[in-house]
Structures are given as structure tokens and as C-alpha cells.
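This is what each chain is made of:
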Amino acid sequence: AQSVTQLGSHVSVSEGALVLLRCNYSSSVPPYLFWYVQYPNQGLQLLLKYTSAATLVKGINGFEAEFKKSETSFHLTKPSAHMSDAAEYFCAVSSEYGNKLVFGAGTILRVKS
Amino acid sequence: EPEVTQTPSHQVTQMGQEVILRCVPISNHLYFYWYRQILGQKVEFLVSFYNNEISEKSEIFDDQFSVERPDGSNFTLKIRSTKLEDSAMYFCASRADRGNEQFFGPGTRLTVL
């Protein structure tokens, strides 16, 4: 079975500050990991994915995430937050040949001016 | 850029009524999914569909739910007799044969009164 834990249901940062959203996973098989973003009243948009190639993955809008097998983590970072980054972020896991995505509970990012 | 579309954006129904939620996946995609998100809770997998049959379903997806790809472009989720607890945002997603990221539609908000 696979599961995802996102630490911190709400994260607040100042504009220009580092964004760090935490994700830990549990998987009995090599995981495929994803970060999705959901803006208010919109669907889920893929930010980035890890699929067993490079452990540091770059995504859209300046976000990146690092896969650390020893820590079973896939934390999302952005060096400098922008007001437009305010949204809810979901970490998700699937297996290589798996079908479903298993989502974490989500982290709401607030960016203060 | 191709995208997944869903109709309607909001559906209000009375308890016990049947509802059909519609999705048009990305045209060359072969795998189709339904997820739901009850307000304030995680995004949960409901069902996956490939080659005109269900490939996996969760325990949520009981006999009240069914899926269909009636015409090669639409992908529908039917709830036969809605309950209050079916109120949620329902997301459709699709995936190409290669690569395993899923692309999500904007969702249908179902309200059962």
C-alpha cells in the first residue's frame, strides 16, 4: 500500500522568501511522485514529477523537488515566493505500473506582501 | 494545449436522484480516472478505466456508481441514487499510454440536498 503525509496543512511565507512544502511517502515498490497545485475553484495542475531519473526535479513556475529515498521524502521548494503562488499544493504517489494516484491531505500556501 | 473538460461545473440534486457527470478526456489518452474531494478532505481515488473496462476501483465505488465511455470521446460517472455524503467535487483525469502523469479536469461540484 502507498500513502503520503504532508506536514503542515497551512504554510505562510512573505513574498520573496523561500517556500518549503514537506511531503513524506510510504511505498512498498519504487514510487513515482508528483506535486499538483490547485488554485481556488480550479482543477489540479501538475507542477512536477519524479519517475526514477534525476533525483532533483524541476517543474513549472520555478518550483523544484528533491527525491530522497533514505528519508522517504519529496519536499517542494521555491527560492522566492510570489503572490501568485498562493494556492493549495498536493503531493501524490503512484507505482511505476500503477493506476491510481494516492494524495496527501494538501498544504495551503499563503504569501504575505 | 489539449485539456480535460468536465460538465457541468456545478450540479445540484435531490437525495435519491440519479446524476451523470460528464468528462471529455484528452483525445489520444487511453487511461481514464475519477476522483472525488469532499470539502476539506483529501482527493480520493474512485475508479480507473482502460480498454472499455474498469481496471481498478476503491471501496467508495460501490454498486451505486458506474462509469461508461459511450461514444469514444466522453467518459461518464453515474451515481444511481445520490446520498447526502456524495456531495463533493468530482475530478476526471486522463493519462496517455506512455508516461504516467494524469491530467485533471476542472471538476464538477455535486451538491446533494
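Here's a quick rundown of the structure. Because the structure is predicted, anything quoted here is derived from the model rather than measured.

Reading guide: rules and limits
Residues numbered from 1 in each chain as written. Chains lettered and ligands numbered in written order. Predicted model: local features only at pLDDT ≥ 70, side-chain atom pairs only at ≥ 80, totals over all residues. Heavy atoms only, no water. Helix = DSSP H or I, 4+ residues; strand = E, 2+ residues; numbered from the N terminus. Buried < 20%, exposed > 50% of the residue type's maximum accessible area, 1.4 Å probe, protein only. Contact = heavy atoms within 4.5 Å. Areas by Shrake-Rupley, 256 points an atom, 1.4 Å probe, with all protein chains shown as cover. Lys, Arg positive; Asp, Glu negative; His and termini not counted. Charge placed at Lys NZ, Arg CZ, Asp CG, Glu CD. Phe/Tyr/Trp six-rings, centres within 6.5 Å; stacked < 30°, edge-to-face > 60°. Disulfide = S-S within 2.5 Å. Salt bridge = Lys/Arg side-chain N within 4 Å of Asp/Glu carboxyl O. Pairing = 2+ DSSP bridges. Axes fitted to C-alpha atoms, helices over the stretch in contact; angles between N-to-C directions. 1 Å grid on protein atoms, 1.4 Å probe; cavity = no way out; pocket = protein on both sides within 12 Å on 5 of 7 lines; lining within 4 Å. Points joined across faces, edges and corners; volume = space filled by probe spheres on them. Nonpolar A, V, L, I, M, F, W, Y, C, P; charged D, E, K, R; others polar. Buried area = accessible area lost by both parts, 1.4 Å probe. Polar contact = N/O pair within 3.5 Å; in protein donor to acceptor, adjacent residues only side chain to side chain.

### Some words on the overall build of chain B
Phase 1: Secondary structure summary: chain B contains 0 helices and 11 strands in total.
Phase 2: When the helices and strands of chain B are placed in sequence order, the string is β-β-β-β-β-β-β-β-β-β-β.
Phase 3: Dimensions of chain B, computed from the C-alpha atoms along their principal axes, are close to 40 × 25 × 25 Å.
Phase 4: Looking at chain B as a whole, 48% of its 113 residues are labelled buried.
Phase 5: Put simply, 53% of the contacts in chain B that link residues at least 6 apart link residues at least 24 apart.
Phase 6: Counting only carbon and sulfur atoms, one obtains 45% of the accessible surface of chain B, whose full area is about 5800 Å².
Phase 7: Here chain B contributes 11 positive and 15 negative side-chain charges, whose respective centroids are spaced 1 Å apart.

### Overview of the packing of aromatic side chains
Phase 1: With the rule as written, the count across this model stands at 19 aromatic pairs over all chains.
Phase 2: Here a set of aromatic residues connected by ring pairs shows up, and it is made of A:F34, A:Y36, A:F90, A:F103, B:Y33, B:Y35, B:F45, B:F91 and B:F104.

### Points about the state of the cysteines
Phase 1: For the coordinates displayed, the defined rule picks out 2 disulfides over all chains.
Phase 2: Put simply, A:C23 and A:C91 are joined by a disulfide, and their sulfur atoms are 2.0 Å apart. The S-S bond linking A:C23 to A:C91 shows a torsion near -60 degrees; that makes this disulfide left-handed. Taken together, the positions of A:C23 in the loop between β3 (19–21) and β4 (24–26) and A:C91 in strand β10 (residues 87–95) put the pair 68 residues apart, joining distant regions of the chain.
Phase 3: Residue classification places A:C91 among the buried positions, given a relative accessible area of 0%.
Phase 4: Covalent S-S linkage joins B:C23 and B:C92, the inter-sulfur distance amounting to 1.9 Å. Measuring handedness by torsion sign, the sulfur bridge of B:C23 and B:C92 sits at about -65 degrees and is left-handed.

### What to know about the pattern of salt bridges
Phase 1: Counted according to the given criterion, the structure contains 5 salt bridges over all chains.
Phase 2: Of the charged contacts, one joins B:E56 and A:K100 as a salt bridge, the two residues approaching to 3.6 Å between their closest N and O atoms. Taken as a pair, B:E56 in strand β6 (residues 53–57) and A:K100 in the loop between β10 and β11 (102–103) lie in two separate chains rather than in one.
Phase 3: For B:E44, the salt bridge goes to B:R36, with nearest N and O atoms at 3.2 Å.
Phase 4: According to the relative accessible area criterion, B:R36 is buried, its value standing at 10%.

### Things to note about the sheet that holds strand β3 (residues 19–24) of chain B
Sheet strands line up and pair through hydrogen bonds in the backbone, either parallel or antiparallel.
Residue and element names in this part refer to chain B.
Phase 1: With respect to topology, 4 strands assemble into an open sheet ordered β1-β3-β8-β7, the strand pairing being antiparallel. Each having just a single partner strand, β1 (5–7) and β7 (65–68) make up the two edges of the open sheet. Here the strands of the sheet are splayed against their neighbours by 20 degrees on average, with no regard to which way each runs.

### Details of the layout of surface pockets
Phase 1: Size it by volume and the largest pocket reaches roughly 480 Å³.
Phase 2: Around the largest pocket, the lining comprises 18 residues; the ones closest to its centre are A:L44, A:Q45, B:E3, B:F103 and B:F104.
Phase 3: Residues that form the lining of the largest pocket fall into these classes: 11 nonpolar, 5 polar and 2 charged.
Phase 4: The computed volume of the second largest pocket comes to approximately 330 Å³.
Phase 5: Around the second largest pocket sit 16 residues that line it, and A:Q38, A:E88, B:Q37, B:L39 and B:R109 are the ones nearest its centre.
Phase 6: Residue composition of the lining of the second largest pocket, by class: 8 nonpolar, 6 polar and 2 charged.

### Focus: the interface of chain A and chain B
Phase 1: At the junction of the two partners, chain A supplies 22 residues and chain B supplies 18 residues.
Phase 2: Summing the contributions of chain A and of chain B, the shared interface buries around 1600 Å²; its carbon and sulfur component is 51%.
Phase 3: Put simply, chain A and chain B have 2 salt bridges between them.
Phase 4: A salt bridge links B:E101 to A:K49, with the nearest nitrogen and oxygen atoms 2.5 Å apart.
Phase 5: Inspection of the chain A/chain B interface yields 3 residue pairs in polar contact (both at pLDDT 80 or more).
Phase 6: Breaking the side of chain A that touches chain B down by element, the ones donating at least two residues are β5 (31–38), β6 (44–50) and β10 of chain A.
Phase 7: With 4 residues, the top contributor of residues to the side of chain A that touches chain B is β5(A).
Phase 8: Within the side of chain A that touches chain B, the residues separate by chemical class into 10 nonpolar, 9 polar and 3 charged.

Scope: geometric values only; no functional claims are made or implied.
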